[in-house]
Amino acid sequence: MTTASIPHNTAHERVLHPAFHSKIMTAAQAAALIPAGANVGMSGFTGSGHPKAVPQALAQRIEALHDQGQDFRIGLWTGASTAPQLDGALAQAHGIRTRLPYQSDPVVRQQINAGEIDYTDIHLSHVAQLAWFGFLGPLDVAVVEVTAILEDGRMVPSSSVGNNKTWLDNAKMVILEVNQRQSLQLKGMHDIYYGTRLPPHRNPIPLIHPADRIGQPYLQCDPAKVVAVVLTDESDRNSAFAPPDAVSHQIAGHILDFLQQEVDAKRLPPHLLPLQSGVGNVANAVLSGLNQGPFEGLTAYTEVLQDGMLEMLQSGKLTSASATALSLSPVALEEFERHIDFYRQRIILRPQEMSNHPEVVRRLGVIAMNAMIEADIYGNVNSTHIMGSSMMNGIGGSGDFARNAYLSFFMTPSTAKNGSISCIVPMVSHTDHTEHDVEIIVTEQGLADLRGLSPKQRARRIIDRCAHPDYRDALHDYFDRAQQQATGRHTPHLLGEALSWHERFVQTGSMR
């Protein structure tokens, strides 16, 4: 069902605020209200809760204007990555001038790396406060998907919260997409905290346990700012996840063994500490292993709830999960909606300034598990750039959790591109997480616990336990020569050779 074909009387089932009935319009009419050059804050986090109709209508408008020789681009702000209906459509129309804070769309990525889009890669916990501080410039328009609008104008959020509270508060004008595909039974699952303040008036965040509710279940907005309400009926991205492969299971096995050792050493309680997990095969393999393992009464304080955590809630291994977004496969979404009353009692969706808040992460003692592109022999991690200068996706929330976690894991297969790239290198080609924030590195080869080690001790452990055998001798050779020839012996490097592995790959297609 297209936006234009939704009967007007359907609006009264989802749009209960009388003052908004006169503002119901098509996506094309709403898109026409967005001025050229505007900074536009749109909802969306990891493919869920993003507006679907207005971005596509805006892309069509931009293409038509470009055909007429007119320049039209916007600054696009979101919670995190979105979907082809938003990022993809606007990028295909060459309608994005600037982008922040995170993306995963292939067309956007290509334009970023071609220098056509100015991309600002930001820690996800920082975005809301930077907007409030005025550091990002004015927010001209907010386009936010909601599930329903109540009689008093408050809104039931949809499948992600992200930065929606901040966009609604700060934008000069607001366009609401009311998506009838989102279940009305999401009502009550959200916890929107309105207690944040600007310095020097901040107060402690009263969140003690991952399952605490400290806000209200609705978004609010000055009704006078709402200029359009668009009815939609479109699904989230809901991509199916590939099943974890053998390498993912090996990485997961190393992590699970390590967690058991920490429990045995009484450095972790038997029910562990709140879990944070990134998205992907390795993360799902770890969660699957936890679901089958000995740990009971687990909790999660994370950004994204994906299939693995849903299965853990279903089995009872996980008692509660706090996140800012759902990112479910079609099969998992069907399970979620079929038993939504069950999950509503166990899932809390918060603004990302809360789900990723460094102080809360540190106080709760979160166990953080995030992916990386490469690590060097001293434990510096690159999670964003390919060969030093090409953006992949962005730092996302990994930095929010890594620096503040009780335990910080970074995970990757030991090689990429069929073995032509070593993911353990002498020096990373770009640094997102310094050695000071990286405690544990894991590949399918093994796990390197780096806590309390000096740089040279870290190097030996990472090479011996995490590097692929095809590259291990070369790494030892580099490190041995660096210890003899480097100008300093604390973190010895051969500066003329440290990035030669990357240069060799660029020139020959292999680091070997």
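See the structure above.
Cut-off values and rules
Residues numbered from 1 in each chain as written. Predicted model: local features only at pLDDT ≥ 70, side-chain atom pairs only at ≥ 80, totals over all residues. Heavy atoms only, no water. Axes fitted to C-alpha atoms, helices over the stretch in contact; angles between N-to-C directions. Helix = DSSP H or I, 4+ residues; strand = E, 2+ residues; numbered from the N terminus. Parallel < 35°, antiparallel > 145°, perpendicular 65-115°, else oblique. Contact = heavy atoms within 4.5 Å. Nonpolar A, V, L, I, M, F, W, Y, C, P; charged D, E, K, R; others polar. Disulfide = S-S within 2.5 Å. Buried < 20%, exposed > 50% of the residue type's maximum accessible area, 1.4 Å probe, protein only. Polar contact = N/O pair within 3.5 Å; in protein donor to acceptor, adjacent residues only side chain to side chain. Pairing = 2+ DSSP bridges. Right-handed = clockwise from strand over helix to strand, strands pointing away. Arc of directions from axis to C-beta. Core = buried A, V, L, I, M, F, W, Y, C linked by side-chain atoms within 4.5 Å. Phe/Tyr/Trp six-rings, centres within 6.5 Å; stacked < 30°, edge-to-face > 60°. Expected span 1.5 Å × (residues − 1). Salt bridge = Lys/Arg side-chain N within 4 Å of Asp/Glu carboxyl O.

A.B. asks: Please explain the packing of helix α9 (residues 281-292) against helix α10 (residues 307-315) as it appears in this structure.
C.D. replies: For any two helices packed against each other, the geometry comes down to the angle between their axes and how far apart the axes lie. Viewed as axis vectors pointing N to C, α9 and α10 meet at an angle of 10 degrees, and their least axial separation amounts to 8 Å. The angle between the axes of α9 and α10 places the two elements in the roughly parallel class. In this structure, α9 uses N284, L287, L290 and N291 to contact α10, whose residues at the interface are D307, G308, M309, E311, M312 and S315. Split into classes, the residues belonging to the contact of α9 with α10 amount to four nonpolar, four polar and two charged.

A.B. asks: So what exactly am I meant to see when it comes to the state of the cysteines here?
C.D. replies: Here a disulfide denotes a covalent bond joining the sulfur atom of one cysteine to the sulfur atom of another. The final tally for this structure, using the stated rule, is zero disulfides. In this structure C423 is not part of a disulfide, and its nearest cysteine sulfur, from C466, lies 11 Å away. When its relative accessible area of 5% is taken as the criterion, C423 is described as buried.

A.B. asks: How should I be thinking about the side chain of S327 in this particular structure?
C.D. replies: Along the polypeptide, S327 turns up in the loop between β13 (325-326) and α11 (330-338). From its side chain, S327 meets the backbone oxygen of T46 in a polar contact 3.5 Å long. In contact with S327, not counting residues within four places along its chain, are T46, F241, V304, L305, Q306 and D307.

A.B. asks: Can you walk me through the pairing of strand β3 (residues 96-100) in this structure?
C.D. replies: A regular strand carries its side chains on alternate faces of the sheet. Bridge count between strand β2 (residues 74-77) and β3: four bridges; the pairing is parallel. By the bridge assignment, W77 is partnered in β3 with L100. Handedness of the β2-helix α4 (residues 84-92)-β3 crossover: right-handed. Inspection of the sheet shows β3 paired to strand β4 (residues 118-119) by two bridges, in the parallel sense. Paired with T98 across the two strands is D118, which belongs to β4. The parallel pair β3 and β4 is bridged by helix α5 (residues 106-113), and the resulting crossover is right-handed.

A.B. asks: What's the story with α11 in this structure? I'm lost.
C.D. replies: Every α-helical turn comprises 3.6 residues, leaving residues that sit three or four positions apart pointing alike. Within α11 the residues assigned to the buried category are A332, E335 and F336. What you see down the axis of α11 is that its buried residues fit within an arc of 100 degrees, all on one side. With respect to the buried face of α11, the exposed residues turned more than 90 degrees away are V331 and R338.

A.B. asks: Even after reading the chapter, I still don't get the environment of V366, so can you show me in this structure?
C.D. replies: Its place among the elements puts V366 in the loop between α14 (358-364) and β15 (367-371). Along the chain, V366 and P274 lie 92 residues apart, while their C-alpha atoms are 4.9 Å from each other. The residues touching V366, leaving out its near neighbours within four places in the chain, are P274, L275, Q276, Y301, V361, F401, A405, Y406 and L407.

A.B. asks: I would appreciate a short explanation of the sheet that holds strand β17 (residues 381-382) in the present structure.
C.D. replies: Here three strands make up an open sheet; going across it, the order is β17-β16-β23 and the pairing mixed. What marks the edges here is a single partner per strand, and that holds for β17 and β23 (424-425).

A.B. asks: What should I look at first to understand the pairing of β15 in this one?
C.D. replies: Of all five residues that make up β15, four are buried, and the element is covered over most of its length. In this sheet, strand β20 (residues 407-411) lies alongside β15 in parallel orientation, the contact comprising five bridges. Following the sheet pairing, I367 is matched in β20 by L407.

A.B. asks: Explain the nonpolar core here, please?
C.D. replies: Nonpolar side chains in soluble globular proteins generally cluster together in the buried interior. Of all hydrophobic cores here, the largest spans 73 residues; its most connected members are L259, L272, L290, L305, F336 and F409. Contacts of L259, omitting those with residues within four sequence positions, involve L268, L272, L290, F295, I367, L407 and F409.

A.B. asks: When you look at the packing of aromatic side chains in this model, what are you seeing that I'm missing?
C.D. replies: Any two aromatic rings considered together are summarised by their centre-to-centre distance and by the angle between their planes. All chains considered together, the criterion is met by seven aromatic pairs. Here the aromatic rings of F342 and Y343 are separated by 5.1 Å at their centres, their planes lie at 85 degrees, and the arrangement is edge-to-face. The buried category is assigned to Y343, whose relative accessible area is 0%. Through a chain of ring-to-ring contacts, three or more aromatic side chains come together here, namely F336, F342 and Y343.

A.B. asks: What's the story with unusual backbone geometry in this structure? I'm lost.
C.D. replies: For the bond from L100 to P101, the omega torsion is 0 degrees, close enough to zero to count as cis. Cis geometry marks the peptide bond from P199 to P200; its omega dihedral reads 10 degrees. Of note, the phi angle at K266 is positive, near 65 degrees, even though the residue is not glycine. Here the phi dihedral of M387 falls at roughly 50 degrees; this positive angle occurs in a residue that is not glycine. Inspection of the secondary structure puts M387 in the loop between β18 (385-386) and β19 (390-391).

A.B. asks: Help me understand helix α17 (residues 469-485), please; the structure alone is not making it clear to me.
C.D. replies: In this model α17 runs 25 Å from its N-terminal to its C-terminal C-alpha over 17 residues, within 8% of the 24 Å that 1.5 Å per residue would give. Among the residues making up α17, those that are buried are Y471, L475, H476, Y478, F479 and A482. Buried positions in α17, seen along its axis, are confined to an arc of 165 degrees and lie on one side of it. Exposed residues on α17 whose side chains face more than 90 degrees from its buried face are D473, Q484 and Q485.

A.B. asks: What should I look at first to understand the pattern of salt bridges in this one?
C.D. replies: Here the idea is simple: oppositely charged side chains can pair when their charged atoms come close. All chains considered together, the criterion is met by 22 salt bridges. For R338, the salt bridge goes to E334, with nearest N and O atoms at 3.0 Å. Of this pair, R338 and E334 both sit in helix α11, four residues apart, which is roughly one turn of that helix. The closest approach of N and O atoms between R512 and D470, which form a salt bridge, is 3.5 Å. Of this pair, R512 sits in the segment after α18 (500-508) while D470 sits in helix α17; the two residues are 42 residues apart in sequence, bridging distant segments of the chain. Among the ionic contacts, a cluster of salt bridges with common partners joins E262, R267, D449 and R451.

Everything listed is a geometric property; what it means functionally is a separate question.
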